[in-house]
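Examining the three-dimensional arrangement
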Number of protein chains: 2
Amino acid sequence: MCLVSSDDPRLLWTVDMLMDGVDFDSRVHSWSAIGRKTMAVNLSDCAAMAVVPVSAMCAVALSNKLALDDALELVRGAHEFGLRCGCPIVGGDTNSWDAPTAISITVAGRCEPGQTPIRRAGAQPGDRIWLTGAVGGSILGRHMTFEPRLALSGEIARKVQPHAMIDISDGLALDLWRILEASGCGAVLEETALDAAIHADAVRLAAQDGRPPREHALCDGEDFELIVVAPADAAQSACAALGLLPIGQITADPGLRLARAGGVPEPVPVRGWEHFR
Amino acid sequence: MCLVSSDDPRLLWTVDMLMDGVDFDSRVHSWSAIGRKTMAVNLSDCAAMAVVPVSAMCAVALSNKLALDDALELVRGAHEFGLRCGCPIVGGDTNSWDAPTAISITVAGRCEPGQTPIRRAGAQPGDRIWLTGAVGGSILGRHMTFEPRLALSGEIARKVQPHAMIDISDGLALDLWRILEASGCGAVLEETALDAAIHADAVRLAAQDGRPPREHALCDGEDFELIVVAPADAAQSACAALGLLPIGQITADPGLRLARAGGVPEPVPVRGWEHFR
């Protein structure tokens, strides 16, 4: 998400394109759910910076195999979910071709008066790291149905005044790493706290594929929870009151590490979903 | 092109998605030229409403067969052309998949202070119809290399104050028809004047495919010249001074007709490029 123009520091926009067979599977998911997801990932980008979405543009490359009703359901799914979040689709571009369907949505949004967008840079040693919810295993279904944390993000901006924030699209480890890189810091995650933030879906998925639940929590993408970095003392009670989950602390030492009770912190592999590998 | 939000009547945006095998052919066109075209069709949308482009977002679904250098050339081609027109790419979304390449660009722009966007509705009986240049046969090459009429559009807005304007993306007949529908009017094109606005490429293409040059001028898409509808008397000298080509007149009678010297005006078939046929 970035400024539309330097003339207006409160107006931002973001774009996300979803493709059949990559971000959704049209053999499994309804076209309405696919449209909803495309809007929702953009709204999550807004939530990540405490930006209030205003309106959206939608461009589609529809498979020639798609029925007109399915195409309408796709756009309607996006529009209706956007509308519910104050962000209707106001225009777009419709195309068809002899290839799978791709849909791209651009969302514009504004910061609340007196607020500035919350960025990735800004984390400081000693800050605490919080999550807006448990993570991992979203592929079991939540990646299509998640709720962008728009309302919570506004409350966090007002009550916690975080130093940095991001939404988890590519995995907790990788997206936290982006904050660390942008801020020139490191972080230590606390084992017990992290384990308390593992989603039940991560445990279910672990039972299926044999990988540890914690690995799913760290590396699975598309959780769309927010990582919130806030000053330890000032934000503690506010974060707890908002139901955020503490998972660790920002350090001056670079790198991402995991602290086991009584042990020396060990490096966490920074892995997740990488685009255009 | 439409308003981002009703709060700001001078801020608009537009989106266009181009797909390999439909809008360009990556076996023939360079990736840089493909990027340039994607930006240019959006800038032409801006020109059509006398909106000054400000910045762009770019989402790509890159074919897995694409080399990284080609992907960079695609985005660079779009960015550099945009930059030359005051409209850099400021952000985007990069993806890859096992399908042909698609690229979607969203452009935001502003009207000059004191101006409002020029729309399709507004044509009035008696108004004259002008073109910013000759049309037809763009498929021979101009559809990849056209210059969006941004500067000329600004001059037209200031000096001619048109009642309606549109850019020719889907063909003169079809895009003029959009003005007529939006304005609740008809139009009569004048044979001699129309023939003077046939591009040399339309004549060359006619020699190849045996269809009349005038049919190419009326029905070929991707000319990206502007159709300018302006009051007859007030705009006459200004339009001529800007080098615009007069082609006909708005009528109260609905429909699009062609007037031959000394004959009764005959209906013109409204055909052109139609999306999602």
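Bear in mind that the values here come from a model prediction, so they are computed numbers and not experimental data.

Calculation notes
- Residues numbered from 1 in each chain as written.
- Chains lettered and ligands numbered in written order.
- Predicted model: local features only at pLDDT ≥ 70, side-chain atom pairs only at ≥ 80, totals over all residues.
- Buried ≥ 20, exposed ≤ 12 C-beta atoms within 10 Å, placed from the backbone.
- Helix = DSSP H or I, 4+ residues; strand = E, 2+ residues; numbered from the N terminus.
- Arc of directions from axis to C-beta.
- Contact = placed C-beta atoms within 7 Å.
- Core = buried A, V, L, I, M, F, W, Y, C linked by C-beta atoms within 7 Å.
- Pairing = 2+ DSSP bridges.
- Domains from an automatic or database assignment.
- Nonpolar A, V, L, I, M, F, W, Y, C, P; charged D, E, K, R; others polar.
- Least-squares fit on C-alpha atoms with pLDDT ≥ 70 in both.

Some remarks on helix α4 (residues 150-159) of chain B
Working note: α-helix, 3.6 residues per turn, so residues spaced by three or four point in the same direction. Residues and elements named next belong to chain B. Listed as buried for α4 are L150, L152, S153, I156 and A157. Viewed along the axis of α4, the buried residues span an arc of 160 degrees, placing them on a single side of the element. In this structure, the buried side of α4 is in contact with α1 (31-48) and β9 (226-230).

With respect to the nonpolar core
Grouped together as the largest cluster of nonpolar side chains are 186 residues, with contacts concentrated most on I227 and V228 of chain A together with I227 and V228 of chain B. The residues touching I227 of chain B, leaving out its near neighbours within four places in the chain, are I129, L131, M165, I166, I168, D175, L176 and I179 of chain B.

Considering the sheet that holds strand β12 (residues 266-267) of chain B
Residue and element names in this part refer to chain B. Pairing in this open sheet of 7 strands is mixed, and the strands run β7-β9-β6-β10-β8-β11-β12 from one edge to the other. Taken across any chain shown, the strands that pair with only one partner, and hence form the sheet edges, are β7 (164-167) and β12. Inspection of the sheet shows strand β8 (residues 186-190) paired to strand β11 (residues 255-259) by 5 bridges, in the parallel sense. Of the residues in β11, the one forming a bridge with A187 is L256.

A short note on the sheet that holds strand β1 (residues 2-3) of chain A
All names here are of chain A. Sheet architecture is open: 5 strands sit in the order β1-β2-β5-β3-β4, paired in mixed fashion. Each end of this open sheet is capped by a strand with a single partner; those strands are β1 and β4 (89-97). Note that strand β2 (residues 11-19) and strand β5 (residues 102-111) share 9 bridges and pair antiparallel. Residue pairing for β5: D16 is matched across the bridge by I105.

Quick look at the domain arrangement of chain A
Residue and element names in this part refer to chain A. With domains assigned, chain A is organised as domain 1 (2-111) and domain 2 (128-267). The C-alpha centroid of domain 2 is placed 26 Å from the C-alpha centroid of domain 1. The residue makeup of the side of domain 1 that touches domain 2, split by class, is 10 nonpolar, 2 polar and 2 charged.

Here we look at the relation of the copies chain B and chain A
Two copies of a chain can be linked by a rotation about an axis combined with a shift along that same axis. In screw terms, the move from chain B to chain A is a rotation of 180 degrees and a rise of 0.0 Å along the axis, fitting with an RMSD of 0.0 Å. In the structure described here, the two chain copies are related by an operation that fits a two-fold rotation axis. Closest approach to the rotation axis among the C-alpha atoms of chain B is made by A99 of chain B, whose C-alpha sits 3.3 Å away.

Thoughts on the interface of chain B and chain A
Across the boundary between the two partners, chain B contributes 32 residues, which contact 32 residues of chain A. Within the residue set of the side of chain B that touches chain A, elements represented by two or more residues are β2 (11-19), β3 (51-63), β4 (89-97) and β5 (102-111) of chain B. The residue makeup of the side of chain B that touches chain A, split by class, is 19 nonpolar, 11 polar and 2 charged.

A closer look at unusual backbone geometry
One can expect most non-glycine residues to show negative phi and most peptide bonds to be in trans. One non-glycine residue, E222 of chain A, adopts positive backbone phi at about 60 degrees. On the secondary structure map, E222 of chain A appears in the loop between α8 (213-219) and β9 (226-230). The buried category is assigned to E222 of chain A, around which 22 C-beta atoms lie within 10 Å. Backbone geometry at A50 of chain B places phi at a positive 60 degrees, although glycine is not the residue there. Structurally, A50 of chain B can be placed in the loop between α1 and β3.

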